[in-house]
Amino acid sequence: MMIDLSKFTDSYERKARLYPALICFFPIMVSVSISYPKVFSTLSGFVAIAAAVGLLQLLSHLARDRGKSIESDLFRKWGGMPSVTIFRHRDNRLPSPAKLKYHEVLSKISKIKSPSKEDELQQPTKADEIYLSWSDYLRGKTRDQKKYSLVFKENINYGFRRNLLGIKWFCILSSIIATALLFIPVYNGGEITNIIVAATIFYIIYSFIFLFVVKPSWVKVVAEAYGKQLIEAVNA
């Protein structure tokens, strides 16, 4: 049974929070459909009911909470929030002339004096507090999803990857359970069919992706892209 998820969640909720949760459960659902098709048919009806009563919303919140729980640790490993560190004089993601121009504009808008290189070196925490204020201001300014579509897109990308990293080990566990579900009928005398072999290969690839791709560095790429789009909103 096909469910139109757009009826139950907004774009950010769906793509950044719900999709990671569904990706986590996907291997188990595939195995149930192969090994226990009648059970899967019944579960399909339950999914429609779950969507109607808000259980999909619960799944999205669980994924979001796991993602948020690792966020402070990610920022610590990266040396700060990317949408804050991009303002630092010592950060090289933006050309120095462009960064000075952004400092000038945001200093004027916020009425908070921009830290000089020397100020930043002598009082890095105070400088970051100013940069955080600028970042918060830009987040508030860019809430119009149509006008700032690139900012919104990168924010979704960041939320998706962060939340997927947050549930990484649950996804790997899901693939292990899914593999076991595939072979229970085989243990009870069933045959190893081509679809079972194909599904097993898929689960191995799935697990390898989570082990070797879904890492903090994978999340950092889009976090920095979001920070860059956010600061470029000054020009809009």
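The model shown is predicted, which means the values in this text are computed figures rather than measured ones.

K.L.:
Give a detailed account of a nonpolar patch on the surface, specifying residues and quantitative values.
P.N.:
Together, Trp-169, Ile-192, Val-197, Ile-201, Ile-204, Ile-205, Phe-208, Ile-209, Leu-211, Phe-212 and Val-213 line one region of the surface with nonpolar side chains, adding up to about 1,100 Å² of accessible area. The element contributing the most residues to the nonpolar patch is helix α10 (residues 194–212), with eight residues. Inspection of the secondary structure assignment puts Trp-169 in helix α9 (residues 168–187). We classify Trp-169 as exposed; its relative accessible area is 59%.

K.L.:
Just give me the short version of the layout of surface pockets, but keep the residues and values in it.
P.N.:
Of the volumes computed, that of the second largest pocket is approximately 580 Å³. Taken together, 20 residues form the lining of the second largest pocket, with Tyr-12, Arg-139, Asn-155, Tyr-158 and Tyr-226 sitting closest to its centre. The biggest single contributor to the lining of the second largest pocket is helix α8 (residues 149–166), with five residues. Taken together, the residues of the lining of the second largest pocket break down into nine nonpolar, four polar and seven charged.

K.L.:
I'd like to hear about the state of the cysteines, residue by residue, with values.
P.N.:
Within the structure shown, the criterion is met by zero disulfides. Unpaired in this structure, Cys-24 has its nearest cysteine sulfur neighbour in Cys-171, at a distance of 3.5 Å. By relative accessible area, which is 0% here, Cys-171 ends up buried.

K.L.:
Tell me about the side chain of Asp-91, and name the residues and values.
P.N.:
By the element assignment, Asp-91 lies in the loop between α4 (82–85) and α5 (96–110). For Asp-91, a relative accessible area of 17% gives the class buried. Discounting residues that sit within four places of it in the chain, Asp-91 has contacts with Thr-85, Ile-86 and Lys-99.

K.L.:
Please provide a residue-by-residue account of the environment of Leu-165, values included.
P.N.:
Structurally, the position occupied by Leu-165 is in helix α8. Ignoring sequence-local partners within four residues, the contact set of Leu-165 consists of Ile-70, Leu-74, Val-214, Lys-215, Pro-216 and Val-219.

K.L.:
Give a detailed account of unusual backbone geometry, specifying residues and quantitative values.
P.N.:
One non-glycine residue, Lys-111, lies in positive phi territory at about 60°. Relative to the elements of secondary structure, Lys-111 occurs in the loop between α5 and α6 (117–122).

K.L.:
Which residues make up the packing of aromatic side chains, and what values do they have?
P.N.:
Counted under the stated rule, the structure contains nine aromatic pairs. Their ring planes at 55° and their centres at 6.0 Å tell us that Phe-75 and Trp-78 sit as a pair that is tilted. In this pair, Phe-75 and Trp-78 are both assigned in helix α3 (residues 55–78), three residues apart and thus about one turn of the helix distant. Residue classification places Trp-78 among the buried residues on the basis of a relative accessible area of 13%. A centroid spacing of 4.9 Å and a plane angle of 50° characterise the contact between Tyr-206 and Phe-210, whose relative ring orientation is tilted. Here Tyr-206 and its partner Phe-210 are both found in helix α10, four residues apart, which amounts to about one turn of the helix. The same class applies to Tyr-206 as to Phe-210, namely buried. Each member of the aromatic cluster is reached from another via a ring pair, and the members are Phe-26, Phe-202, Tyr-203, Tyr-206 and Phe-210.

Quick notes on the rules
- Residues numbered from 1 in each chain as written.
- Predicted model: local features only at pLDDT ≥ 70, side-chain atom pairs only at ≥ 80, totals over all residues.
- Heavy atoms only, no water.
- Patch = residues over 30% accessible without salt bridge, like charges linked within 9 Å, V, L, I, M, F, W, Y side chains within 5 Å.
- Areas by Shrake-Rupley, 256 points an atom, 1.4 Å probe, with all protein chains shown as cover.
- Salt bridge = Lys/Arg side-chain N within 4 Å of Asp/Glu carboxyl O.
- Helix = DSSP H or I, 4+ residues; strand = E, 2+ residues; numbered from the N terminus.
- Buried < 20%, exposed > 50% of the residue type's maximum accessible area, 1.4 Å probe, protein only.
- 1 Å grid on protein atoms, 1.4 Å probe; cavity = no way out; pocket = protein on both sides within 12 Å on 5 of 7 lines; lining within 4 Å.
- Points joined across faces, edges and corners; volume = space filled by probe spheres on them.
- Nonpolar A, V, L, I, M, F, W, Y, C, P; charged D, E, K, R; others polar.
- Disulfide = S-S within 2.5 Å.
- Contact = heavy atoms within 4.5 Å.
- Phe/Tyr/Trp six-rings, centres within 6.5 Å; stacked < 30°, edge-to-face > 60°.

Purely geometric numbers; function is a separate question.
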